[in-house]
Amino acid sequence: MPVILTLAEHKDGKLRRASLETISEARRLATALNAEVESVIIGSGDDALVDEAGAHGAKRVHVFADAALATYATEPYARAFAQVIASVKPAAVLVPFTSMGKDLAPRVAARVGAGLASDCVAFEVEAGRLKARRPMYAGKAYATVQWDGEPQMATLRPNVFALDAPDASRKAEKVAATVDATARAKVTATHASGGGKVELGEAQIVVSGGRGLKGPEHFHLVQELAEALGAAVGASRAIVDAGWVDHQLQVGQTGKTVSPNLYVAVGLSGAIQHLAGMSSSRYIVAINKDADAPIFKVANYGILGDVFEVVPKLTEAAKAYLQSRG
Ligand SMILES: Cc1cc2nc3c(=O)[nH]c(=O)nc-3n(C[C@H](O)[C@H](O)[C@H](O)COP(=O)(O)OP(=O)(O)OC[C@H]3O[C@@H](n4cnc5c(N)ncnc54)[C@H](O)[C@@H]3O)c2cc1C
């Protein structure tokens, strides 16, 4: 039976949401292709991770439990993933388009001689083969791509593909695997960035601020609204370049790609390079005092007004609403 292989990334003893979305999509495609889903977990031998992958639809999980792989390092991870691809010979390989996936997938594709479609937002099956839809020209256009040969390899934009509910009755077989864990470059220390409490790339709600805030001393308006909504904080490049906030918060072509359920744009014009990183959000709310601001073209709800008047009221309303619901 053909196999769709996914990379299952984990953090703090759980599979990351983007990995579960990837397994969910793999399962949907596997149904159409009469295939089976298998996953790869690197850097932890925790059975709970295997069970989680199984409950979401993986039939088999290849586990590299070596503690030397606990921290991501490109070289041994690429070696491990390519090793599984060589032995399983999957019809398709799906990897979440996370920071790690963006680094790892091209290297693995090069190693195994596969074509890679990156940042995909939809798939369809035609005559037993995959077709992928992916943005081009910073999201100005979408291309439909197909692969010559196999594996058909793709990275999947987080928060775009539906996450199916787990089914604990579905069990995955654990396949222990080993690989040479040596790396010429390895991580010696990691430092948490100064972002919000919720991780931007995986957040369900994002509140982003732009130059309409006038200065860094007003960025707290964005942070307070984000806090009230349980959202991650984002920013335009203009205010990152101006040194108001850390680059980690930048959304857009040269920043992070986000695809939350709700994106609140505060005093942002909606330049094409910014839209490239957030236009696939499900609902976009824009607050801007210029009725001709391009952000209103993509917004589902537009608030024409001054951020200094609107945002504090929104924050109060969000707090009151959430308090009323206990
Ligand atoms: C190669 C390249 C890559 C780039 N990559 C990115 C990227 O990744 N991400 C990104 O964001 N940008 C990127 N940019 C920059 C992008 O072109 C814009 O310059 C930037 O997004 C503008 O940021 P902004 O919306 O905060 O500022 P502005 O464009 O200055 O917009 C400010 C908005 O605030 C509104 N406003 C002003 N005062 C108020 C008020 N009191 N109340 C309400 N609204 C108000 C204004 O009407 C205006 O629409 C890139 C540019 C290039 C050339």
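Engineer: Is there a simple way to think about the pattern of salt bridges in this case?
Structural biologist: Two side chains bearing opposite charge may form a pair once their charged atoms approach each other closely. Applying the stated criterion across every chain, the model contains 20 salt bridges. Between Arg16 and Glu9 there is a salt bridge; the shortest N-O distance is 3.4 Å. For Arg16, a relative accessible area of 15% gives the class buried. Three or more residues joined by partner-sharing salt bridges are found here, namely Glu9, Lys11, Arg16, Glu199 and Glu202.

Engineer: Which parts of the structure should I look at to understand the packing of helix α3 (residues 74–88) against helix α4 (residues 99–112)?
Structural biologist: If you want to describe how two helices pack, look at the angle between their axes and the distance between the axes. Remark: α3 packs on α4, axes separated minimally by 9 Å, with the N-to-C direction vectors making an angle of 55°. Judged on the interaxial angle alone, α4 and α3 are oblique. As α3 runs across α4, the sense of the crossing is right-handed. Residues Thr74, Glu75, Tyr77, Ala78, Arg79, Phe81, Ala82 and Ile85 of α3 lie in contact with α4, whose contacting residues are Met100, Asp103, Leu104, Arg107, Val108, Arg111 and Val112. Class assignment for the residues of the contact of α3 with α4 results in nine nonpolar, one polar and five charged.

Engineer: Is there a simple way to think about the site of the ligand in this case?
Structural biologist: In the vicinity of the ligand lie 26 residues, with Ser236, Thr254, Ser269, Gln273 and Asn288 positioned nearest. Between the ligand and the protein, one listed contact pairs an oxygen atom with a side-chain N or O atom of Ser269 at 2.7 Å. With respect to the ligand, the side chain of Asn288 contributes an N or O atom lying 2.8 Å from an oxygen atom. Protein contact buries 77% of the 990 Å² of open area that the ligand shows by itself. Looking at the shell around the ligand, the elements that each hand over two or more residues are α6 (237–241), α7 (272–275) and α9 (307–324). Grouping the constituent residues of the shell around the ligand by class yields six nonpolar, 14 polar and six charged.

Rules and cut-offs
- Residues numbered from 1 in each chain as written.
- Predicted model: local features only at pLDDT ≥ 70, side-chain atom pairs only at ≥ 80, totals over all residues.
- Heavy atoms only, no water.
- Salt bridge = Lys/Arg side-chain N within 4 Å of Asp/Glu carboxyl O.
- Buried < 20%, exposed > 50% of the residue type's maximum accessible area, 1.4 Å probe, protein only.
- Axes fitted to C-alpha atoms, helices over the stretch in contact; angles between N-to-C directions.
- Helix = DSSP H or I, 4+ residues; strand = E, 2+ residues; numbered from the N terminus.
- Parallel < 35°, antiparallel > 145°, perpendicular 65-115°, else oblique.
- Left-handed = near helix turned anticlockwise from the far one by under 90°.
- Contact = heavy atoms within 4.5 Å.
- Nonpolar A, V, L, I, M, F, W, Y, C, P; charged D, E, K, R; others polar.
- Near = heavy atom within 4 Å.
- Polar contact = N/O pair within 3.5 Å; in protein donor to acceptor, adjacent residues only side chain to side chain.
- Areas by Shrake-Rupley, 256 points an atom, 1.4 Å probe, with all protein chains shown as cover.

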